[in-house]
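Examination of the molecular architecture
What follows is the residue order along each chain.
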Amino acid sequence: MYAFNFLTPARIREQYNTGITMMLDKGLGPRMVEDFLKIAGEHLDFVKFGWGIISLCDKDIIQEKIMIYRDHGIEAHPGGTLSEIAYIQGKFEEYLHEAEKLGFKYLEISDGSIDLTREEKTKIIENTIDHGFNVISEVGKKDPKKDKLISLEERVEFVKNDLRAGAEKVLIEAREGGQNIGVYDEKGNVKEDEVDYLIEHLPVKKLIWEAPQKNQQVYFILKIGPNANLGNIPPEDVISLESMRRGLRGDTLGKVKL
Amino acid sequence: MYAFNFLTPARIREQYNTGITMMLDKGLGPRMVEDFLKIAGEHLDFVKFGWGIISLCDKDIIQEKIMIYRDHGIEAHPGGTLSEIAYIQGKFEEYLHEAEKLGFKYLEISDGSIDLTREEKTKIIENTIDHGFNVISEVGKKDPKKDKLISLEERVEFVKNDLRAGAEKVLIEAREGGQNIGVYDEKGNVKEDEVDYLIEHLPVKKLIWEAPQKNQQVYFILKIGPNANLGNIPPEDVISLESMRRGLRGDTLGKVKL
Amino acid sequence: MYAFNFLTPARIREQYNTGITMMLDKGLGPRMVEDFLKIAGEHLDFVKFGWGIISLCDKDIIQEKIMIYRDHGIEAHPGGTLSEIAYIQGKFEEYLHEAEKLGFKYLEISDGSIDLTREEKTKIIENTIDHGFNVISEVGKKDPKKDKLISLEERVEFVKNDLRAGAEKVLIEAREGGQNIGVYDEKGNVKEDEVDYLIEHLPVKKLIWEAPQKNQQVYFILKIGPNANLGNIPPEDVISLESMRRGLRGDTLGKVKL
């Protein structure tokens, strides 16, 4: 039972579906994860092992971490970059096979660093689903210059394409930093008109907004509500985010409807 | 015994009273706290469990953490926001009761997110003291726009009011970020004339300056001395701060008088 | 064996010599270090205990941490500031003696906060080597104003001086923050012409670039190659750095030659 539970506002979310919190794990040790989840475990849905880092970690450790997270109802998955590397190297089938053996249930399919046609991305998503995985796709380019070449109309079309292909959710790219990319300007401020456009043209429940900075998290909670789907949350900010979703921090106190 | 103890300058502080270091705990796991205190335990006085986050954590974990901190001579307390929520919900008596059961000895009383008259804040502080707690109050608004409306004269008056009501110390609000709030400008630089004014008109030993950024910590150490009372220190910077207080880091080497 | 090892590019480095990663330890607890090294242990060469912080930590803990790091093939050493303090206090012999007893094999010799003539620094380096230590020296001033007074020609000469004296590697100062110091401007951007000058006039394998920020790490990897020697890496970014060295993150994917 929570401390001061008579002050704890309830937040009803459908896990893995609404009110998603996805954390970025840049290489936490297994004991630290266990310890951290005593505090934060109930407030997380997904964990992304950033980029290609798990191909630099022992299988045993990765399997152990997947299971620790799952014991708390959290699904871990490799960053999309690793799937891109596998694809361009012609090793995508091996990638799926190894992911299955390691125990992943979700995979991220992205084209942030490589170029894929819509048809190619569709095929990859479909193939991944055929192998039994749930797919979270990502839309956006890691290189700010390339990312800026994507028009809002295209961004909408890319998201729709991925959803048609069977992706459960689509991540709106903002990288680890959340600056000068996607819907954020160079200082990390939200380009509100761009968010408005995306919300108007897309099913908002299907989107996960990468929002590593606090002001971005506040923005989406106030804009979309306490059950906004948010990703790339640093571990140290997971509880802060949950407190903001529930109006337990100054930024959202009295401003959220639960 | 410290390594290289023949190089370690002594710092004489009266714990909980002068030379205070108050850390911000945003949700550390209990094993991590134990481990961290092997390094930093001797250099801390207070730990603030940020905002309303403990109402999202199991009682058992909170009680365990309070005791781990206390075993190192450190007093943990809930963030003021939780007391504000309890007050506006008419549950302040329950709040005090639960805080006592959990084992807290200090409580923070603030009005950063709600509006209180001076009389109301006085009453709350007195009531909290009557229940046997030590009170640390906070002066300042979480919303930068509202915070800017407080004149220096008012800020001084608010602090004096809380001290008259019985607060042991008064925190000068700077939030987690330390930017665009209180005595800090948008870049986190210190507004030196404002600090001068506060120091001139208030008993400096009664103040705790929230100073999350390193340049702010350096400023107050050089301004007030190695025993400046500083708050909202991130865990990873606790030892760095202690080293700066003692002239063991470039910024203050040869510049502090112990 | 690494997860997805069929996607893991090999990086051949000569430990402690090429492709160095040096991490900044600002006071990690011993259990946390053990846990962290399960993930990152293979990708590190050196750990710097920042500034004078180990003179605020128990000998037992320091010895334990040195051994935990060494068990993973990582050499820890005290920050140069402590050696400067010992020197100006006339306790340098005691410093060497204590360092030996604690188990250090490497020592850092710097003059970031004190003024030394070239002859003095040479003598200190030679003396340290005579006592059986390997020396990493540092060139640059902690105070940005003083640091800017060092011309590029002087910086080159200072590095050469330290190498002649027997330093194995020379750190190019950038502090913890990596802004407004050495080869970085106020925003942390690399002053490319200055780096070019240093590379042209110095043996690049002998340099370790302090590069706490991600954009700085990317810059040196793309400039010098995956085996650039980099220092002051925050613990949470060690694996990210290794992934960038091997082209496993968007910033360097397809751009590094291993």
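Calculation rules
- Residues numbered from 1 in each chain as written.
- Chains lettered and ligands numbered in written order.
- Predicted model: local features only at pLDDT ≥ 70, side-chain atom pairs only at ≥ 80, totals over all residues.
- Heavy atoms only, no water.
- Least-squares fit on C-alpha atoms with pLDDT ≥ 70 in both.
- Contact = heavy atoms within 4.5 Å.
- 1 Å grid on protein atoms, 1.4 Å probe; cavity = no way out; pocket = protein on both sides within 12 Å on 5 of 7 lines; lining within 4 Å.
- Points joined across faces, edges and corners; volume = space filled by probe spheres on them.
- Helix = DSSP H or I, 4+ residues; strand = E, 2+ residues; numbered from the N terminus.
- Phe/Tyr/Trp six-rings, centres within 6.5 Å; stacked < 30°, edge-to-face > 60°.
- Buried < 20%, exposed > 50% of the residue type's maximum accessible area, 1.4 Å probe, protein only.
- Lys NZ or Arg CZ within 6 Å of the ring centre and 35° of its normal.
- Core = buried A, V, L, I, M, F, W, Y, C linked by side-chain atoms within 4.5 Å.
- Buried area = accessible area lost by both parts, 1.4 Å probe.
- Salt bridge = Lys/Arg side-chain N within 4 Å of Asp/Glu carboxyl O.
- Axes fitted to C-alpha atoms, helices over the stretch in contact; angles between N-to-C directions.
- Parallel < 35°, antiparallel > 145°, perpendicular 65-115°, else oblique.
- pLDDT = per-residue confidence, 0-100.
- Polar contact = N/O pair within 3.5 Å; in protein donor to acceptor, adjacent residues only side chain to side chain.
- Pairing = 2+ DSSP bridges.
- Right-handed = clockwise from strand over helix to strand, strands pointing away.
- Arc of directions from axis to C-beta.

Taken together, a rotation about one axis and a shift along it account for how the two chain copies relate. For these two chains of identical sequence, chain A goes onto chain C by a turn of 120° and a shift of 0.0 Å along the axis, with RMSD 0.0 Å. As the rotation angle and translation indicate, the two copies are arranged about a three-fold axis. For chain A, the minimum C-alpha distance to the rotation axis belongs to methionine 32 of chain A and amounts to 4.1 Å. Here only 3% of the contact residues of chain A are again contact residues in chain C; the copies associate through non-equivalent surfaces.

What follows deals with the layout of surface pockets. When its volume is computed, the second largest pocket comes out at roughly 290 Å³. Breaking the lining of the second largest pocket down by element, the ones donating at least two residues are helix H1 (30-40) of chain A, helix H1 (30-40) of chain B together with helix H1 (30-40) of chain C.

Moving on, we come to the packing of aromatic side chains. This model, assessed by the stated rule, comprises 33 aromatic pairs over all chains. Arranged with centres 5.2 Å apart and planes meeting at 80°, the rings of tyrosine 219 of chain A and phenylalanine 220 of chain A form a pair that is edge-to-face. Both residues of the pair, tyrosine 219 of chain A and phenylalanine 220 of chain A, belong to the buried class. Summarising the aromatic geometry, the rings of phenylalanine 49 of chain C and tyrosine 69 of chain C are spaced 6.3 Å apart at their centres and angled 55° between planes, so their arrangement reads as tilted. In this pair, phenylalanine 49 of chain C is assigned in strand E2 (residues 46-49) and tyrosine 69 of chain C in helix H2 (residues 59-71), connecting sequence segments 20 residues apart. Residues phenylalanine 49 of chain C and tyrosine 69 of chain C agree in their burial class; the two are buried. One cation-aromatic arrangement involves arginine 249 of chain A over tryptophan 51 of chain B; the distance from NZ or CZ to the ring centre is 3.6 Å.

Next up on the list: the nonpolar core. In this structure, Phe104 of chain A, Phe104 of chain B together with Phe104 of chain C are the most contacted members of the largest nonpolar core, which totals 234 residues. For phenylalanine 104 of chain B, the residues in contact, after removing those within four places along its chain, are Phe4 of chain A together with Phe49, Ile54, Ile62, Ile66, Arg70, Ala76, His77, Pro78, Ala99 and Phe133 of chain B.

Our focus in this paragraph is the interface of chain A and chain C. Opposite the 36 residues of chain A that make contact, chain C presents 27 residues. At the boundary of chain A with chain C, total buried surface from both sides reaches about 2,800 Å², with 64% on carbon and sulfur atoms. The largest share of the area that chain A buries against chain C comes from Lys26, Ser55 and Leu56 of chain A, three residues that together contribute 23% of it. Counting across the chain A and chain C interface gives three salt bridges.

On to the packing of H1 of chain B against helix H2 (residues 59-71) of chain B. Residues and elements named next belong to chain B. Where H1 contacts H2, the axes come no closer than 10 Å and their chain directions differ by 5°. Taken as axis vectors, H1 and H2 run roughly parallel relative to one another. Together, Pro30, Arg31, Val33, Glu34 and Leu37 of H1 and Ile61, Glu64, Lys65, Ile68 and Tyr69 of H2 make up the contact between the two elements.

Laying chain A over chain B is done by rotating through 120° and shifting 0.0 Å along the axis; what remains is an RMSD of 0.0 Å. The two copies present different faces, since only 4% of the interface residues in chain A are matched by interface residues at the equivalent positions in chain B.

All names here are of chain C. Notably, phenylalanine 4 is not glycine yet its phi reads approximately 50°, a positive angle. Mapped onto the secondary structure, phenylalanine 4 falls in the segment before strand E1 (21-25). Looking at phenylalanine 4, the relative accessible area reads 0%, which means it is buried.

Here chain A averages 97 in pLDDT, and 100% of its residues register 70 or above. Here the prediction assigns the complex a pTM of 0.97, and the interface score ipTM is 0.95.

Listed as interface residues are 27 residues of chain A and, on the opposing side, 36 residues of chain B. In total, about 2,800 Å² of surface goes out of reach between chain A and chain B, with carbon and sulfur atoms giving 64% of it. Linking chain A with chain B are three salt bridges, by the criterion used here. Ionic pairing is found between arginine 175 of chain B and aspartate 251 of chain A, a salt bridge with its closest N-O pair at 2.7 Å. Joining chain A to chain B, the criterion identifies 13 residue pairs in polar contact (both at pLDDT 80 or more).

This brings us to the side chain of arginine 11 of chain C. Residues and elements named next belong to chain C. Within the fold, arginine 11 resides in the segment before E1. At a separation of 2.9 Å, a polar atom in the side chain of arginine 11 contacts the side chain of glutamate 242. The contact partners of arginine 11, leaving out residues within four places of it in the chain, are Gly19, Thr21, Pro226, Asn227, Glu242, Arg245, Arg246 and Leu258.

To continue, consider the pairing of strand E7 (residues 207-210) of chain B. For a regular strand, side-chain orientation follows a simple rule: the groups alternate between the two sheet faces. Residue and element names in this part refer to chain B. What you see with E7 is no split at all: Leu207 and Trp209 on one side and Ile208 and Glu210 on the other are buried throughout. As defined by bridge partners, strand E6 (residues 169-172) adjoins E7 across three bridges and the pair is classed as parallel. Bridge assignment links leucine 171 to a residue of E7, and that residue is isoleucine 208. The β-α-β motif built from E6, the intervening helix H8 (residues 192-201) and the parallel element E7 has right-handed crossover chirality. Sheet topology places E7 next to strand E8 (residues 230-233); two bridges connect them, and they run parallel. Residue pairing across strands places tryptophan 209 opposite leucine 230, the latter belonging to E8. Running through helix H9 (residues 214-224), the crossover from E7 to the neighbouring parallel element E8 is right-handed.

Side chains bearing opposite charge may pair, as long as their charged atoms lie close to each other. Residues and elements named next belong to chain B. Under the definition given, this model contains 83 salt bridges over all chains. For aspartate 162, the salt bridge goes to lysine 121, with nearest N and O atoms at 2.8 Å. Of the two residues, aspartate 162 is situated in helix H7 (residues 152-165) and lysine 121 in helix H5 (residues 118-130); the sequence distance between them amounts to 41 residues. You can call lysine 121 buried: its relative accessible area is 0%. Put simply, lysine 214 and aspartate 251 hold a salt bridge, and the shortest N to O gap is 3.2 Å. Taken together, the residues lysine 214 in helix H9 and aspartate 251 in the segment after helix H10 (238-245) connect sequence positions 37 residues apart. Take aspartate 251: its relative accessible area is 15%, and that puts it in the buried class.

Sheet strands pair via backbone hydrogen bonds, and the direction of the pair is either parallel or antiparallel. All names here are of chain A. Reading across from one edge, E3-E2-E1-E8-E7-E6-E5-E4 is the order of the eight strands in this open sheet, with parallel pairing throughout. Pairing within the sheet leaves two strands with one partner each, and these edge strands are strand E3 (75-78) and strand E4 (106-109). Strand-to-strand twist in this sheet, taken as the mean axis angle between neighbours without regard to direction, amounts to 25°. Summarising the sheet, strand E2 (residues 46-49) and E3 pair through four bridges and their orientation is parallel. Considered in E3, the bridge of lysine 48 is made with histidine 77. Across the sheet, helix H9 (residues 214-224) lies against strand E7 (207-210) and strand E8 (230-233), angled at about 170° from E8, the strand it touches most.

Turning our attention to helix H4 (residues 92-102) of chain B. Residue and element names in this part refer to chain B. All buried positions along H4 are accounted for by Phe92, Tyr95, Leu96, Glu98, Ala99 and Leu102. The buried residues of H4 occupy one face: seen down the axis, they fall within an arc of 165°. As for H4, its buried residues are in contact with H2, strand E3 (75-78), helix H3 (80-88), strand E4 (106-109) and H5. Positioned one or two residues after H4, glycine 103 has a phi angle of 105°, which is positive.

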